[in-house]
Amino acid sequence: MSSDEEPNVFPVIPDRHDIPCPLCQRKTVLHSKRRRRFRHGHAWNVGILWIELDVPRQRCFSCDLTFVYDYGLGLVRTSTEVFRKGIAERCHGRTISDVAREYGLPYTTVERWFYRYASVETEKHTTDVLIDEFATRKGHHYATIALDAESGRLLSIVPGRDVRLHSKA
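Reading guide: rules and limits
Residues numbered from 1 in each chain as written. Predicted model: local features only at pLDDT ≥ 70, side-chain atom pairs only at ≥ 80, totals over all residues. Heavy atoms only, no water. Pairing = 2+ DSSP bridges. Helix = DSSP H or I, 4+ residues; strand = E, 2+ residues; numbered from the N terminus. Buried < 20%, exposed > 50% of the residue type's maximum accessible area, 1.4 Å probe, protein only. Polar contact = N/O pair within 3.5 Å; in protein donor to acceptor, adjacent residues only side chain to side chain. Contact = heavy atoms within 4.5 Å. Core = buried A, V, L, I, M, F, W, Y, C linked by side-chain atoms within 4.5 Å. Axes fitted to C-alpha atoms, helices over the stretch in contact; angles between N-to-C directions. Salt bridge = Lys/Arg side-chain N within 4 Å of Asp/Glu carboxyl O.

Peer 1: Tell me about the pairing of strand E7 (residues 154–159), residues and numbers included.
Peer 2: Across five bridges, strand E6 (residues 141–148) lies against E7 in antiparallel orientation. Paired with Ile-145 across the two strands is Ile-157, which belongs to E7. Hairpin connection from E6 to E7: five residues lie between these consecutive antiparallel strands, with Gly-152 at a positive phi of about 80°.

Written out as structure tokens, the structure is:
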């Protein structure tokens, strides 16, 4: 449970188990560990939810590799992969700057996460696409828009009228 002083921080105590070396799969020993916090989720009217856990640095005596074990959470700097994918998903149909402002994150960070994870999600799903053009300035400047025909989700906006959109076969 979270503490009264920090209601958005949840301590996580993982089960103890032997951590194998990622190279040789042999037994490793604990080199050091550090208590760290990672953004893991978001709740409306609460804000960002953090998890706090001991991140072990392991050492393999067989191949002399020292590595950080991330428990399969995709820990990078101060966030988990679940959090990064969630933020990237919230960018669909909205501007990246709106999402960055809403969650108090740097624009470039949200942009990087969006391009990293949105392309993976787009490849997983096949969808019917609705393509239309519209004027960005009265009669002079145009753009082409691609929408998911079922959900209406914005897929792409490209400047110009004679843009060819390619799909994977």
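Peer 1: Outline the side chain of Gln-58, listing residues and values.
Peer 2: Looking at the element boundaries, Gln-58 is found in strand E3 (residues 47–59). A residue is classified by how much of its surface remains accessible, and Gln-58, at 5% relative accessible area, is buried. Engagement of the side chain of Gln-58 in a polar contact is seen with the backbone oxygen of Val-29, the distance being 3.4 Å. Residues contacting Gln-58, with those up to four places away along its chain left out, are Ile-19, Thr-28, Val-29, Leu-30, His-31, Leu-65, Thr-66 and Phe-67.

Peer 1: Go over the nonpolar core with me, naming the residues and quoting the values.
Peer 2: Grouped burial of nonpolar side chains is what soluble globular proteins tend to show. By size, the foremost hydrophobic cluster in this structure holds 15 residues, and its most contacted members are Phe-83, Ile-87, Cys-91, Val-99, Leu-105, Val-110 and Trp-113. Every element with two or more residues in this core is listed here: helix H1 (81–90), helix H2 (96–103) and helix H3 (107–124). The element that contributes the greatest number of residues to this core is H3, accounting for five residues. For Phe-83, the contacting residues outside a window of four places in its chain are Arg-39, His-40, Gly-41, Ile-48, Leu-105 and Trp-113. Of all hydrophobic cores here, the second largest spans five residues; its members include Phe-38, Leu-53, Val-55 and Leu-75.

Peer 1: Outline the environment of Thr-80, listing residues and values.
Peer 2: Positionally, Thr-80 belongs in the loop between strand E4 (66–68) and H1. Judged by relative accessible area, which is 0%, Thr-80 ranks as buried. The spacing of Thr-80 and Arg-37 is 43 residues in sequence and 9.8 Å in space, taken between C-alpha atoms. With residues up to four places along the chain from it excluded, the contact list for Thr-80 reads Phe-38, Arg-39, His-40, Ile-51, Leu-73, Gly-74 and Leu-75. Among the polar contacts made by the side chain of Thr-80, one reaches the side chain of His-40 at a distance of 2.9 Å.

Peer 1: Hey, could you go over unusual backbone geometry for me, with residue numbers and the actual values?
Peer 2: We note that Gln-25 has phi near 65°; this positive angle belongs to a residue other than glycine. Tracing the backbone shows Gln-25 in the loop between strand E1 (9–11) and strand E2 (29–43). Gln-25 sits in the exposed class, given a relative accessible area of 54%. Phi angles above zero are rare outside glycine, and Tyr-71 is one such case at about 60°. Within the fold, Tyr-71 resides in the loop between E4 and H1.

Peer 1: Explain the sheet that holds E7 to me, using residue names and the numbers behind them.
Peer 2: Spatially, the three strands line up as an open sheet ordered E5-E6-E7, and their pairing is antiparallel. Single-partner strands in this sheet number two, and they are strand E5 (129–137) and E7. Strand-to-strand, the axes of this sheet are offset by a mean angle of 20°, without reference to chain direction. Both E5 and E6 contribute to a ladder of eight bridges, which runs antiparallel. Looking at the pairing, Leu-130 lines up with Leu-147 of E6.

Peer 1: Can you break down the pattern of salt bridges residue by residue, with the values?
Peer 2: Applying the stated rule across the entire model yields six salt bridges. Where Asp-64 meets Arg-59, a salt bridge forms, and the shortest distance between an N and an O atom there is 2.3 Å. When its relative accessible area of 26% is taken as the criterion, Arg-59 is described as partly exposed. The closest approach of N and O atoms between Arg-94 and Glu-102, which form a salt bridge, is 2.5 Å. For Arg-94, a relative accessible area of 34% gives the class partly exposed. Note on Glu-102: relative accessible area 36%, which makes it partly exposed. Where salt bridges share partners, they join Arg-35, Arg-37, Glu-52 and Asp-54 into one cluster.

Honestly, it's all geometry; don't read function into it.
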